Amino acid sequence: MSRIAPSAVLSGAAFVAAACLFAPAPAVAAANAQQPDAATKAVVRRGLDYLARTQSQQGYWAAGNGGYRAAMTALAGTALLAEGSTTTRGRYAPNVRRAVDYLLSVSRSNGLIGSESDSHYTYGHGFGMLFLAQVYGEEEDRERREELKGVLNRAVKFTIAAQTSRGGWGYVSAKEGNDFDEGSTCVTQVQGLRACRNAGIPVPKDVIDRANKYIRDCMTPEGGVQYSIKGGGARPAISGAAIACLFSAGEQDDPMAQKLMEYCEKNIWPADGGASAGYGGYWHYKHFYYAQVMYRDPERWPKYRDFIAGQIRPKQTTGGPNDGAFVDGRIGPAYVTAMNCTILQLDNGFLPIYQR
């Protein structure tokens, strides 16, 4: 799914995320979270209204070319969950419920969430695990909880079987993809596994240990994480994803985390209009993960939050069928709108996967 998170952008970040799977998520009440300012709230509301308005009757969202339905549905659904809605409560409850129904309908007996005909199906699978695990934690209906539990257990087993000999993941399972791996797919698998583990779904430690080694093998001398274990140069987005997972695991003092953090501060941190000032390219994916890093630093978060909100808010579409959306001309408005709205809602504190 190179259009969603091209290999040139994300690389072995998942591996480090490994560590985060075996650290319990801190319980932070949403009521204690700092609330976004009024301007940001208004932008988020319009963005989420756009997503709700454009959801298909079958419950999915898609990329601009009509593909990647599992991935887009999971990302859009996660943005709605970040608002505080669940399958039964909140402004977007009907939309969340339909998104869950769609992903359950495309969950296969072998554990894959998505379509085997999709040549990049691990993206939808990883994001699907992440979304459904968040839903599972809040689901009140006993039968639906059992259904979600079964899907997530099978999904974890599928991800384990899809891991390559080096500890990473590729666009498809290792057997189908000739043992190819690269980082953008890795990060989706590991964060999905982490969300499942936090929800009580068993995740074997050796899977995480192998992924953790993969990220170390992908680090460059300057502290960044490269495209894959075979090379490709350090990538800020990959490195941001890796450090986000380490921080969420409470591994801030790990030497690898410190080295990654130094690299990210030089290449992502937006001080004085630095390296990340531009809005183009794969900006959204990079800040989707780095925002999670900054959110866990209460002292620096306000500065970063104001910068990121100032970058995002003016880009929202006004009027017409795309009113409230964010459009980048590459992947499609569902993707960009979901990413931006999730970033702007971290202060809500509703989802364990993003909590401090």
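Residues numbered from 1 in each chain as written. Predicted model: local features only at pLDDT ≥ 70, side-chain atom pairs only at ≥ 80, totals over all residues. Heavy atoms only, no water.

What to know about the packing of helix α7 (residues 183–198) against helix α11 (residues 283–295)
Short version of the rule: For helices, the axis comes from a line fit to the C-alpha atoms of the stretch in contact; other axes are also lines fit to C-alpha atoms, and the angle between any two N-to-C directions lies between 0 and 180 degrees. Note on conventions: DSSP H or I runs of at least 4 residues are helices, E runs of at least 2 residues are strands, and numbering of each starts at the N terminus. The cut-offs work like this: below 35 degrees is roughly parallel, past 145 is roughly antiparallel, 65 to 115 is roughly perpendicular, and the gaps in between are oblique. Put simply, a crossing is left-handed when the front helix is turned counterclockwise from the back one by less than a right angle, and right-handed when it is turned clockwise. We call two residues contacting when some pair of their heavy atoms lies within 4.5 Å. Gly is put with the polar residues, along with every residue not named as nonpolar or charged; the nonpolar set is Ala, Val, Leu, Ile, Met, Phe, Trp, Tyr, Cys and Pro, and the charged set is Asp, Glu, Lys and Arg.
Contact geometry for α7 and α11: axes closest at 13 Å, N-to-C directions at 40°. In terms of axis orientation, α7 runs oblique to α11. Relative to α11, α7 is oriented so that their crossing is left-handed. Side by side, α7 and α11 meet where S184, V187, T188 and Q191 of the first sit next to Y285, Y289 and Q292 of the second. In terms of residue class, the contact of α7 with α11 is made up of 3 nonpolar, 4 polar and no charged.

Side note on helix α2 (residues 38–54)
Worth spelling out the cut-off: Helix span, as expected, comes to 1.5 Å for every residue beyond the first. Only protein chains enter the accessibility calculation, which uses a 1.4 Å probe; a residue is then buried when its area is under 20% of its type maximum, exposed when over 50%, and partly exposed in between. Definition of a polar contact: a pair of N or O atoms within 3.5 Å, with one able to donate and the other able to accept a hydrogen when the atoms are protein atoms, and with sequence-neighbouring residues admitted only if both atoms are side-chain atoms.
Given a rise of 1.5 Å per residue, 17 residues ought to cover 24 Å, and the 24 Å separating the end C-alpha atoms of α2 matches this to within 8%. Taken residue by residue, α2 has T40, V43, V44, G47, L48, Y50, L51 and A52 as its buried positions. Looking at the packing, one finds that the buried side of α2 touches α3 (69–82), α4 (93–105), α12 (301–312) and α13 (333–344). Measuring from the backbone nitrogen of A39 back to the side-chain oxygen at the start of α2 gives 3.1 Å, which picks out D37 as the cap.

Considerations on the confidence of the model for the chain
Low pLDDT marks regions whose predicted coordinates should not be analysed in detail. Worth spelling out the cut-off: By definition, pLDDT measures how confident the predictor is in each residue, and it falls between 0 and 100.
Per-residue confidence for the chain gives a mean pLDDT of 85; residues scoring 70 or more make up 85%. Scored below 50 in pLDDT, residues 1–32 makes 130 contacts in the model with residues more than four places away or belonging to other chains.

Notes on the pairing of strand β2 (residues 231–235)
Rules: Strands were regarded as paired on the criterion that DSSP finds at least two bridges between them.
In this structure, strand β1 (residues 225–228) lies alongside β2, joined through 3 bridges in antiparallel fashion. The residue of β2 that forms the bridge with V225 is R235. Turn length for the β1-β2 hairpin, with the two strands adjacent in sequence and antiparallel, is 2 residues.

Focus on the side chain of T73
Tracing the chain through its elements places T73 in helix α3. Once you skip the residues sitting within four places of it in the chain, T73 turns out to touch G59, Y60, W61, A99, Y102 and L103.

Quick look at helix α8 (residues 205–218)
Given 3.6 residues per helical turn, the α-helix brings residues three or four places apart onto the same face. Going by this rule: The directions considered for the arc run from the helix axis to the C-beta atoms.
For α8, which comprises 14 residues, the first-to-last C-alpha distance of 20 Å matches the rise-based estimate of 20 Å (1.5 Å per residue) to within 8%. Listing the buried residues of α8 in full gives V207, I208, A211, N212, Y214, I215 and C218. Down the axis of α8, the smallest arc covering the buried residues is 155°, so these residues share one side. Those residues of α8 that are exposed and angled more than 90 degrees off the buried face are K205 and K213.

A short note on unusual backbone geometry
At N178, a residue that is not glycine, the phi angle is positive and equals roughly 55°. When you line up the elements, N178 lands in the loop between α6 (142–162) and α7. Judged by its relative accessible area of 71%, N178 falls in the exposed class. You will see that D179, though not glycine, has its phi angle at about 65°, which is positive. Within the secondary structure, D179 is located in the loop between α6 and α7. Looking at D179, the relative accessible area reads 23%, which means it is partly exposed.

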